[in-house]
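Examining the three-dimensional arrangement
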Amino acid sequence: MQLSIIVPTFNEAPNIAELVRRVTASVSSLDAEIVFVDDSTDATPGVIREVAKTATMPVRLIHRETREGGLGGAVIEGFVAAEADLCVVIDGDLQHPPEKIMELWERFAQGDVDIVTASRYAGGGTANGLADRTRVLVSKASTAVTKAMFPVKLHDVTDPMTGFFMVDRRSVDSAILKPRGFKILLEILARRNFRVAEVPFDFAGRHAGESKASMRQGLHFLTQLTALRFGKMSLFAVIGALGAVANVAIVWALTGLDVDYIWAAIIAAEATILGNFVLQERFVFHDMRDQASSMWMRFVKSFTFNNAEALIRIPIIALMVESGHFSAVIATAITLVFAFVLRFVFHSLVVYAPKKPGEAPSRARQLAEEIDEQLMTPGEL
């Protein structure tokens, strides 16, 4: 097998037959296969199976019940399942023209690069398929910010967020990748230095179906970018900072309503403890949840520690206000800074610590984990 074409799909049933037809025509001179890694909730898996019966090239389907790692996780799963070491990743909506696959192949065959990307922004490429000027602006701004955060590794890459590229899977260490969204090329490029070449392409409109772009995807991208650049602690710090701002704002609002500053600090602490736990679950420690205790156990550990920390911190606030003549707001802000490191260490080493090998969960834990899985599946978040 010379080439495996990895197609991550989510509800792309109307596009499957045309995609297979065009890919087949494009790579007819190669011994190639198409591997669909599908997370769909519609008829897409059935359509893929039907198309595979009459296709003139091998078409395989991996249907995932759990969308672990999103699109990026699907691509990694495709790499693992591929028959060929050389892989092309391409979207299933035909915005990436399959006719460009051979051009990627020919450029890669020159032997002087590790990855060949199809770029909307290289010479001759276009982003006409973006829905409107706003999306064009957002795309270009996101690209500029991404390149600014990785100025060395992305120096020669004009479109680091393209989903259309060719790579030898042996050069990608899937063990260190932590796919958490739909920008898998960015994940790959940010982990180590690659020699990259680009092929311009025209980003087309969707053949059929609806765009998956959303505010939620934008938030995923920002958290992905932050984690890649600064690591898990930075995401924890961002959420902690948001919680600190909310905490100070609640204290300010309540003391402005003549609520005693001690009660204001208690209410603010409880509110932000709850909010921070939800955000940390989703954006900081999401990749550690499967190996850790159940969601309810994690919540109990987090809630208990944070309240114990608050019981220590609030008297310190009182001492600063009464004896040090600090304002309640300033005292709250200072103590939150010192609490940050303790919180991060405790959550990393205790709250999300892996279960011991061979540990047999109790029936209560099993029930809690079943509820956890139902509540926290990626599709429902």
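Attention here is on the structure that accompanies the text. (Residues numbered from 1 in each chain as written. Predicted model: local features only at pLDDT ≥ 70, side-chain atom pairs only at ≥ 80, totals over all residues. Heavy atoms only, no water.)

1. Observations concerning the overall build of the chain
For the chain, the count of helices and strands is 12 helices and seven strands. Per-residue burial for the chain yields a buried fraction of 48% across its 381 residues. Sequence-distant contacts in the chain: of pairs separated by 6 or more residues, those separated by 24 or more amount to 77%. As displayed, the chain has an accessible area near 18,400 Å², and 62% of this comes from carbon and sulfur atoms. (Helix = DSSP H or I, 4+ residues; strand = E, 2+ residues; numbered from the N terminus. Buried < 20%, exposed > 50% of the residue type's maximum accessible area, 1.4 Å probe, protein only. Contact = heavy atoms within 4.5 Å. Areas by Shrake-Rupley, 256 points an atom, 1.4 Å probe, with all protein chains shown as cover.)

2. Description of the nonpolar core
Soluble globular proteins tend to bury their nonpolar side chains together. Ranked by size, the top nonpolar core spans 34 residues in total, and within it Leu3, Ile5, Val27, Ile34, Phe36 and Ile101 carry the most contacts. Secondary-structure elements contributing two or more residues to this core are strand 1 (3-9), helix 1 (16-26), strand 2 (32-38), helix 2 (44-54), strand 4 (86-89), helix 4 (101-108), strand 5 (115-119) and strand 7 (196-200). Contacts of Ile5, omitting those with residues within four sequence positions, involve Val23, Val27, Ala32, Glu33, Ile34, Val35, Met57, Val88, Ile90 and Ile101. Ile115, Leu154, Val167 and Leu189 belong to the second-largest nonpolar core, a separate cluster that totals 26 residues. (Core = buried A, V, L, I, M, F, W, Y, C linked by side-chain atoms within 4.5 Å.)

3. Considering the layout of surface pockets
Space inside the second largest pocket adds up to approximately 260 Å³. If you go around the second largest pocket, you meet 20 residues; those closest to its centre are Gly240, Ala244, Leu336, Phe340 and Arg343. When contributions to the lining of the second largest pocket are tallied by element, the ones reaching two or more residues are helix 8 (232-256), helix 9 (261-283) and helix 11 (328-351). Residue contributions to the lining of the second largest pocket peak at eight residues, all from helix 8. Class assignment for the residues of the lining of the second largest pocket results in 11 nonpolar, eight polar and one charged. (1 Å grid on protein atoms, 1.4 Å probe; cavity = no way out; pocket = protein on both sides within 12 Å on 5 of 7 lines; lining within 4 Å. Points joined across faces, edges and corners; volume = space filled by probe spheres on them. Nonpolar A, V, L, I, M, F, W, Y, C, P; charged D, E, K, R; others polar.)

4. Observations concerning the packing of helix 1 against helix 2
Closest axis-to-axis distance for the helix 1/helix 2 pair is 9 Å, and the angle between their directions is 40 degrees. Taken together, the axis directions place helix 1 and helix 2 in an arrangement best described as oblique. Between helix 1 and helix 2 lies a crossing whose hand is right-handed. Contacts between helix 1 and helix 2 involve Ile16, Ala17 and Val20 on the former and, on the latter, Thr44, Val47, Ile48 and Val51. Considered class by class, the residues forming the contact of helix 1 with helix 2 number six nonpolar, one polar and no charged. (Axes fitted to C-alpha atoms, helices over the stretch in contact; angles between N-to-C directions. Parallel < 35°, antiparallel > 145°, perpendicular 65-115°, else oblique. Left-handed = near helix turned anticlockwise from the far one by under 90°.)

5. Brief notes about the pairing of strand 5
Along a regular strand, successive side chains alternate from one face of the sheet to the other. The element strand 5 is extensively covered by neighbouring structure, given that five of its five residues are classed as buried. Residues Ile115, Thr117 and Ser119 point to one face of strand 5 and Val116 and Ala118 to the other, with burial holding for every one of them. Pairing of strand 5 with strand 6 (residues 165-168) involves three bridges; the strand directions are antiparallel. Along strand 6, the bridge assignment pairs Val116 with Met166. In terms of strand pairing, strand 5 meets strand 7 through five bridges, oriented parallel. Bridging from a neighbouring strand, Ser119 pairs with Pro200 of strand 7. (Pairing = 2+ DSSP bridges.)

6. Brief notes about the pattern of salt bridges
What the rule picks out here adds up to 15 salt bridges. Here Glu18 ties to Arg21 by a salt bridge, and the two come within 2.6 Å at their closest N and O atoms. Taken together, the residues Glu18 and Arg21, both in helix 1 and three residues apart, mark about one turn of the helix. When its relative accessible area of 22% is taken as the criterion, Glu18 is described as partly exposed. With a closest N to O distance of 2.9 Å, Glu103 and Lys100 form a salt bridge. The structure contains a network of salt bridges with shared partners spanning Asp85, Asp168, Arg169 and Arg170. (Salt bridge = Lys/Arg side-chain N within 4 Å of Asp/Glu carboxyl O.)

7. Details of the side chain of Arg289
Inspection of the secondary structure assignment puts Arg289 in the loop between helix 9 and helix 10 (295-322). Here Arg289 is buried and forms no salt bridge, its nearest opposite-charge partner Glu281 lying at an N-O distance of 4.3 Å. Side-chain polar atoms of Arg289 contact the backbone oxygen of Glu281, separated by 2.8 Å. (Lys, Arg positive; Asp, Glu negative; His and termini not counted. Polar contact = N/O pair within 3.5 Å; in protein donor to acceptor, adjacent residues only side chain to side chain.)

8. Description of the packing of aromatic side chains
All chains considered together, the criterion is met by six aromatic pairs. With a centroid separation of 4.3 Å and 15 degrees between ring planes, the pair formed by Phe285 and Tyr352 is classed as stacked. Of this pair, Phe285 sits in the loop between helix 9 and helix 10 while Tyr352 sits in the loop between helix 11 and helix 12 (363-376); the two residues are 67 residues apart in sequence, bridging distant segments of the chain. For the pair Phe285 and Tyr352, a shared accessibility class is recorded, and that class is buried. (Phe/Tyr/Trp six-rings, centres within 6.5 Å; stacked < 30°, edge-to-face > 60°.)

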